[in-house]
Amino acid sequence: MNEQTESLSEKLLQRAAPGRVDFEDMVVVPVFAVIVALILGAVAMLATNVDLATIGRSYVALVVGSVGSVNAISETLTAATPLVLASLGMAVGFRAGLFNIGAEGQLLIGGMAAVIVGFSFAGMPTYVHLPLALIAGAVAGGLYAGIAGWLRAATGAHEVISTIMLNLMSYRLVDYILRLPVVQREGRADPISRSVLDSAELPRLLEWIDPNLRLHSGLFVMLVAVFLVYWLLFKTTFGFEFRASGANPEAARYAGMRSGLIIVIVMVFAGAMAGLAGANQTLGVLGRATPGFSAGIGFDAIAVALLGRSHPVGVLMAGLLFGALEAGGRQMQVDAGVSIDLIAIIQALIIVFIAAPLLVRKIFPWGFQKETRAGKE
Amino acid sequence: MLELQKNKVLALISGVGILLGSTVAAADFTACQVTDTGGIDDNSFNQTAWKGVLDAQETLGIDGRFLESQAETDYEANIVSLLGGQCDVIITVGFLLGDATQAAAEANPDQKFSIVDYAYDPAIPNVLGQVYATDEAAFMAGYLAAGVSETGIVGTFGGINIPPVTIFMDGFVHGVNYHNAEKGTNVAVLGWDVDSREGLFTNNFDSLDDGRAYAQNLYDEGADIVLPVAGPVGLGSAALADELGVDKLKIIGVDADLYLTDPAKQHVYLTSITKRMDATVLDVIEAAMSGTFEGGVLVGTLANGGVDLAPFHDMEAMVSDELKKELDVIRQGISDGSISVGG
Amino acid sequence: MEVELRNITKRFGEVVANDDVNLTIRAGEVLGLLGENGAGKSTLMNVLSGLYTADEGEILINGKPVDFKGPGDSISAGIGMVHQHFMLIPVFTVAENVILGVEPTGKIDYLDLKKARLQVREINQKYGLEVDPDELIENLPVGIQQRVEIIKVLFRSADVIIFDEPTAVLTPQEVTEFFEIVKSLRDTGKAIVFITHKLHEILDISDRISVLRRGQIVGEGDPQTTTQTELAEMMVGRPVSFNVDKEPYAPADVLLDIEDLTVLRENDDVAVDGINLKVHSGEIVGVAGVQGNGQSSLIEALTGLTRVAGGTVKFNGQNITHASTRARHRMGIAHIPEDRQRMGMIADFSIAENMVLDTYYDDRFSKHRVINWPKAYKNSARVAADYDVRMTSVHDAAGNLSGGNQQKMVVARELSRETMFLIAAQPTRGLDVGSIEYIHSRIINARDEGDGVLFVSSELDEIMALSDRVVVMFEGRIVAEFDATTHPLDKNTIGLAMAGAVA
């Protein structure tokens, strides 16, 4: 290698500063999307005969209820934690080209397994019992998702179909498990599990300020998971294979990657994340399991993952936004008497606008650099 | 009415006083309600309980707020967001909020709570549970059904196998059995086995289709009177009765007098087993306002009007005067304890 | 009709795609527009067809300036474009495709297909196109599909027809037929623009030649007097050698030994039918054949991408008939796949990531399944510089590279490691002269260093230039074999064998 190529290769290593367009897509579009969604939300309220003062009050409540106090922040984080966990799994799936609709079911199965471990093994110290219960949740969720992965790899059954079916099965399975004498709470005829023992509960973090603050140490599990997924996706050979299979399965196959194995691994990992989200709910929020504890988190997680562009940091941000909307939405109800359904509308609008950056660019032309037609040659 | 009758009068007086004295100023008493996942407009117990708050707003001039729960994980969060002194009493609606209410009440001993359809044993000092001896009214409904049925078969089904549901079914079965024992009839009840605690359940509280299908099943097995204990699900059963004709299938409503709340299908209801949650909620608010609030249990019974059998309305003619007389006797017997509704 | 492009300048950000271009297109004349990939040919034509608006300059039709707001304006002005990638709906008939967007309708929006068929027939007759209007597009060979595109343009009464790289997808026979059509169009008074980077074609068909380089017209030529060498030099900007220099033929041990290899397609048709072939170290074996005669399946079987139905494949004495792709790769088999965009690279990934697409797992780049990215970046930059992949940074998306540079990137990845054997499928398809020259030199370099090379191409010229031995595949079998080291290769003989004319 001569000097010329040496100096050239040095130059090639330089990273271009992130383009204006990237910045706009990552930051400006979401900000505008939120603004547009809020405006249209206000229009929706007007259309249902809510007066302007109440609308103003409700948006103040939205902010106050999501970040306006220690309790608000605690609630935002509590709601965001399971969403982020489950959608990290979704994100890995998306990166690998798998559309896992089954987070809801995996979350239920994982949460259920965590509860069972959580109320068994009395007398175990927390530092053994809690990790054990969390791992049980992750493993159960992972195995459950692995069924869909295996079906896809071995038979070609599409994971969208199989995970939807597994969701339906999980509802009944949880119903059934909750009625087993070893699981069902004594003296109850309805499906409700025994209570998780103290040693397996995710300790609350802010009880020293106010016993009502629900924020629990699942937050740390979530933060570790964000880092772990980032590392997995971008620093390891597993992640490289996942991303390659997702971006161009044919090229991945030509590069000697084994698509079947990758599909199974990705599904198991996604299921494990959803399972952890379930464990987070049962061990940290509810302390027990009932049929409805998944609360649609597995479906919201799809939106969060899409919103976060399947990037761990993006998922974290999107999850926090959704958590804030949930906590703030509650306050909107209390302070302004606005229906909780409105929050769902606003959430949906935000997703629509973030998913359609071109639309946002059209609405706010002054917010963006003048568009240039990107084209080669 | 109820054991808190005297206080109610006092409260009423003071309430009227407030109303007269401060028509402009904001109310200085706030009652807050947390619904379960059925929502505030469920045509059933969330709505009935909220009517109690609305009644209090009207008669006592209080402020009322509610929070709807989207999912089970919201219960605790919703209760917590009402803490902090903004609510003088927090009313949680539904058996399923039992755990969350208990946790919040224990963490906040100074906050007054009341829960509909749940009671704690041992009692929590700042929670007043509102439970209903619906089996008393259901017992009467069972006796009535056994007396009216022409096929000799009546049916029932529930939403979820939980005590507030099955208590209706228990009373209903026992009422039928009482009729059989007294009159030597042999009327059978489909859909609930008192001993094994198993029966017919839709496992939801919202599918009208299920209500229709379950009633159809019971009708196919010969039942000509059906008691659906599943909130709005029963509306589906009523639709079926409407199509078949009331001579083939009659429905017994629950919670509210469905003849009044479901006017489109009112002709299919033989009667309704009413659960006056609005009355008990109003009582709780009055007690909290007058300072007589105490933790424990408030039981709605036939005797105090907390539960009742609704009038027969259009079906008046179907029920013989003799049967009406017997029902009056039973009501008396249940109230004075001479008849046990527990079978 | 005469169309004049005057002082056209088009910029994309900082990049000047067209720089003060002047061009005249005349009726009854074929204008050959020659240029490497990235020279600005397509941009210029997109300006003409209304897809882009020029930043400076103007378009004049018959001396009057026009202003195209979009493709619609250009079409109604009589300018039609036949794109390199056909825009046809496979499940529609020819007639339906032709009328798409300009359907002849009767009362109440009644679709008059009968009239459409008639009109297609008329165009057929006038220009000798011979296309059945009722045939489904998916049943037609590529050459006929192209004619459908031409009919589409004529149906919209175009007087100027632009062909963008029209021969890239055609077989040699189809090219000949296509040229006849172009000539008949010209003779009826149409103005033709023929965009290509293939020198002999442009000399065959054009009446006038303009050469574009880096957005500028660098020369014009008369096909009667200009030579290929002159044109190539104008196009690339430096003298180009068409002769490939290679070391004397010195084959060593047998590296790849294929015996009775049979491969099935997904529908169980026989794709490769009992092939026997040996490739030695230090030789290039060219596999000639019209596309679709089993070459792709042969390569997939040799690289472990498809299951072998019968026979054995030995590499360096080892039986690898059922070895995995990865295992073969590790033995030193390099593979340049036939479709770089689909099989050879990931457009959304950075160049650096693409450079380790099939080596990321080895000791150089990862340890305990953790990838050492800084090392991979450095290596990519070094290899890219070494293999003349032109780009600004290894962190850029590979999809932003030009086709030639994408292919160079793939070649660089495959050859920059220790290899013993190279399987190259259509390695220069769609590339410009400069890139072709470079990639050829790299393949020969590999052979001179003692690698065995199996080289599949549908370009006969390329096969003949590179190969030491040539085998011809037809319907899954090897129907002819030629040894270039003993007898000079004859293009006609090989061409006939490709068409199956050998018993």
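The rules behind the values
- Residues numbered from 1 in each chain as written.
- Chains lettered and ligands numbered in written order.
- Predicted model: local features only at pLDDT ≥ 70, side-chain atom pairs only at ≥ 80, totals over all residues.
- Heavy atoms only, no water.
- Helix = DSSP H or I, 4+ residues; strand = E, 2+ residues; numbered from the N terminus.
- Buried < 20%, exposed > 50% of the residue type's maximum accessible area, 1.4 Å probe, protein only.
- Contact = heavy atoms within 4.5 Å.
- Areas by Shrake-Rupley, 256 points an atom, 1.4 Å probe, with all protein chains shown as cover.
- Lys, Arg positive; Asp, Glu negative; His and termini not counted.
- Charge placed at Lys NZ, Arg CZ, Asp CG, Glu CD.
- 1 Å grid on protein atoms, 1.4 Å probe; cavity = no way out; pocket = protein on both sides within 12 Å on 5 of 7 lines; lining within 4 Å.
- Points joined across faces, edges and corners; volume = space filled by probe spheres on them.
- Nonpolar A, V, L, I, M, F, W, Y, C, P; charged D, E, K, R; others polar.
- Pairing = 2+ DSSP bridges.
- Axes fitted to C-alpha atoms, helices over the stretch in contact; angles between N-to-C directions.
- Expected span 1.5 Å × (residues − 1).
- Disulfide = S-S within 2.5 Å.
- Buried area = accessible area lost by both parts, 1.4 Å probe.
- Salt bridge = Lys/Arg side-chain N within 4 Å of Asp/Glu carboxyl O.
- Polar contact = N/O pair within 3.5 Å; in protein donor to acceptor, adjacent residues only side chain to side chain.
- pLDDT = per-residue confidence, 0-100.

Time to look at the overall build of chain A. The helix and strand tally for chain A stands at 15 helices and zero strands. Each of the three principal axes of chain A carries a C-alpha extent, and together these read 80 × 60 × 40 Å. Per-residue burial for chain A yields a buried fraction of 54% across its 377 residues. Taking the contacts inside chain A whose residues are at least 6 apart along the sequence as the reference set, 74% of them involve residues at least 24 apart. Carbon and sulfur atoms make up 68% of the accessible area of chain A, which totals about 16000 Å². When the 25 positive and 25 negative side-chain charges of chain A are each reduced to one mean point, those points stand 4 Å apart.

Moving on to the layout of surface pockets. Over the atoms rolls a probe the size of a water molecule, and its path tells where empty space is left. Considering only enclosed or pocket space, the second largest pocket measures out at about 1200 Å³ in volume. Along the walls of the second largest pocket sit 45 residues, with Thr37, Leu96, Ile160, Asn204 and Phe205 of chain B positioned nearest its centre. Take the lining of the second largest pocket: its biggest share by element is four residues, from helix α7 (residues 159–179) of chain A. Of the residues in the lining of the second largest pocket, the class split is 20 nonpolar, 13 polar and 12 charged.

Residues and elements named next belong to chain C. The strand order across the open sheet built from four strands is β12-β11-β14-β15, with neighbouring strands paired in antiparallel fashion. Edge strands, defined here as strands with exactly one partner in the open sheet, are β12 (270–280) and β15 (318–319). Judged from the eight bridges that link them, strand β11 (residues 254–264) and β12 form a sheet pairing that is antiparallel. Residue pairing in the sheet places Thr262 in a bridge with Asp273 of β12. The sheet contacts of helix α9 (residues 295–302) involve β11, β12 and β14 (310–315), and relative to β11 the element is tilted by about 120 degrees.

As a further point, take empty space enclosed by the protein. Throughout the structure, instances matching the rule amount to six cavities of 30 Å³ or more. If you add up the space inside the largest cavity, you get close to 140 Å³. Lining of the largest cavity is provided by 17 residues; of these, Tyr254 of chain A together with Thr325, His329, His335 and Asp358 of chain C occupy positions nearest its centre. Elements with a contribution of two residues or more to the lining of the largest cavity: α10 (249–254) of chain A together with α10 (325–330), β16 (333–336), α11 (340–344) and α14 (403–415) of chain C.

Let us look at α14 of chain C. Residue and element names in this part refer to chain C. Along its 13 residues, α14 runs 18 Å from first to last C-alpha, staying within 8% of the 18 Å computed at 1.5 Å per residue. Buried residues dominate α14, accounting for 12 of its 13 residues. Of all the positions in α14, only Gly404, Asn405, Gln406, Gln407, Lys408, Met409, Val410, Val411, Ala412, Arg413, Glu414 and Leu415 are classed as buried.

The next subject is the state of the cysteines. Residue and element names in this part refer to chain B. This structure, assessed with the given rule, holds one disulfide over all chains. A sulfur-sulfur separation of 2.0 Å characterises the disulfide bridge that pairs Cys32 with Cys87. Between Cys32 and Cys87 the sulfur-sulfur dihedral comes to about -85 degrees; the bridge is accordingly left-handed. Within this pair, whereas Cys32 is found in strand β1 (residues 30–34), its partner Cys87 is found in the loop between α3 (74–81) and β3 (89–93), the two being separated by 55 residues in sequence. Judged on exposure class, the residue Cys32 and its partner Cys87 are both buried.

What follows deals with the interface of chain B and chain A. Listed by partner, the interface residues are 26 residues for chain B and 27 residues for chain A. Buried area between chain B and chain A, both sides added, is near 2200 Å², and the carbon and sulfur share of it is 47%. The largest share of the area that chain B buries against chain A comes from Glu72, Thr73 and Asp99 of chain B, three residues that together contribute 25% of it. For the interface between chain B and chain A, the tally reads four salt bridges. Joining chain B to chain A, the criterion identifies six residue pairs in polar contact (both at pLDDT 80 or more). Sorting the residues of the side of chain B that touches chain A by element identifies β2 (63–67), α3 and α4 (98–107) of chain B as the ones contributing at least two each. Per-element tally for the side of chain B that touches chain A: the top contributor is α3 of chain B, with six residues. A per-class count over the side of chain B that touches chain A returns 12 nonpolar, eight polar and six charged.

For the two pairs of chains in contact, the largest share of contacts goes to chains A and C. Between chain B and chain C there is no contact, and the shortest C-alpha to C-alpha distance separating them is 39 Å.

Further remarks concern the confidence of the model for chain A. This prediction gives chain A a mean pLDDT of 88; 94% of its residues lie at or above 70. This model gives residues 371–377 of chain A a pLDDT under 50, and the stretch forms 17 contacts once residues within four places in sequence are excluded.

The omega torsion of the bond from Asp121 of chain B to Pro122 of chain B falls at 0 degrees, within 30 degrees of zero and hence cis. With respect to the helices and strands, the residue Pro122 of chain B is situated in the loop between β4 (112–116) and β5 (127–132). A positive phi angle is found at Glu165 of chain C, which is not glycine, with a value near 45 degrees. Among the structural elements, Glu165 of chain C can be located in the loop between β7 (160–164) and α6 (172–187). Even without a glycine there, the phi angle at Glu475 of chain C is positive, about 50 degrees.

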